[in-house]
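# Notes for the structure review
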Amino acid sequence: MASHTALPVARTIADLRLTVSDWRRQGFTVGFVPTMGALHDGHLALVQEAGLRADRVVASVFVNPTQFAAHEDLDAYPRQETRDAELLAGAGCALMYAPSVEEMYPADATTTVSVGAPAEGLEGVARPEMFGGVALVVAKLLNQVRPDVAVFGEKDYQQLMVVRRLAIDLDIPTEIVGMPTVRDGHGLALSSRNAYLTGEEQTIARRLNGVLAEAAARTMTGRAVGDVEREAQEALLNAGFSHVDYVAVRKSENLRPFEGGIVDGPARVLAAAWLGRTRLIDNMAAG
Ligand code: PAF
């Protein structure tokens, strides 16, 4: 098994399983954090949380091709494995799992995973390929690592809903934990894609969380969901976003719309908006 600095790296399922079975023999519980690398403090918070919930933590670093559409940024997606390994070691991770595309997707593989309702709407409309790819790779990763607990960020709130449904429906005995979004000093949700923003775009990007917070506050005054969504969309365009894919106020538990168009229970305000060629998503609790 290779290693970066002090952190062992497994490149194959067999190597991963050797280490995990060895931990199991010693009686350790196992936590897992899946990532696509280009790590930031948001990922490291997930690793630290996994470390509080389990004796040993595995983090995967795998830029998953099946969740990118042909026109998306797969080749340009930032890859910085040596730095990622150092950061993971510092956050208390015990093993980095960094398989090749061929290891994850052998040429003769044909199985797909379709989660249904939680993957429809919002990101599922804007990026129709994505949740099939996420569901497939997360199902495979959970089977490969077989962790007691896996930690995901609420930044990708719909992804968290998709993973929760997948784990229940496929009887995967891993506890799925969601962690609040980590933000910079201006409230901008940390994301590997923030690295693409120019200085001017960064200033505009910092308005996103403020607009969502205002929208969340408005839903709680009883304002109609449709009006809140429209006003937030206008506010984003006025702030300088080039295009808004959606602003949506949905039920927190399942992301379904509120019947009657008035928030009458726990809600989530979610948005996806573009700054030039960079697409940002964020969400906030309301009510
Ligand atoms: O959230 C991500 O980084 C990815 O979608 C995940 C969960 C690692 C699957 O590739």
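Overview of the structure. Keep in mind the model is a prediction, meaning the values are calculated, not measured. (Residues numbered from 1 in each chain as written. Predicted model: local features only at pLDDT ≥ 70, side-chain atom pairs only at ≥ 80, totals over all residues. Heavy atoms only, no water.)

## Details of the packing of aromatic side chains
In the structure shown here, the tally under the stated rule is two aromatic pairs. Relative to Tyr105, the ring of Phe62 lies with its centre 6.2 Å away and its plane at 50°, an arrangement referred to as tilted. Residue Phe62 is found in the loop between strand S4 (56–61) and helix H3 (81–90), and its partner Tyr105 is found in the loop between helix H4 (101–104) and helix H5 (123–126); the two are separated by 43 residues along the sequence. Assigned by exposure class, Phe62 and Tyr105 land together as buried. Measuring from centroid to centroid gives 5.7 Å for Phe68 and Tyr77, while their planes differ by 80°, and the two rings are edge-to-face. Across the pair, Tyr77 and Phe68 agree in class, each one buried. Positioned above the aromatic ring of Phe28 is the side chain of Arg56, whose terminal nitrogen or guanidinium carbon lies 3.9 Å from the ring centre. (Phe/Tyr/Trp six-rings, centres within 6.5 Å; stacked < 30°, edge-to-face > 60°. Helix = DSSP H or I, 4+ residues; strand = E, 2+ residues; numbered from the N terminus. Buried < 20%, exposed > 50% of the residue type's maximum accessible area, 1.4 Å probe, protein only. Lys NZ or Arg CZ within 6 Å of the ring centre and 35° of its normal.)

## Points about the pairing of strand S8 (residues 243–251)
Burial of S8 is extensive: seven of the nine residues sit out of reach of the surface. Pairing of S8 with strand S9 (residues 267–275), which is carried by eight bridges, proceeds in the antiparallel orientation. The residue of S9 that forms the bridge with His243 is Trp274. (Pairing = 2+ DSSP bridges.)

## Structural notes on the layout of surface pockets
If you add up the space inside the second largest pocket, you get close to 330 Å³. As for the second largest pocket, its lining consists of 16 residues, of which Pro118, Met161, Glu253, Asn254 and Leu255 are closest to the centre. With six residues, helix H7 (residues 157–169) is the largest single contributor of residues to the lining of the second largest pocket. (1 Å grid on protein atoms, 1.4 Å probe; cavity = no way out; pocket = protein on both sides within 12 Å on 5 of 7 lines; lining within 4 Å. Points joined across faces, edges and corners; volume = space filled by probe spheres on them.)

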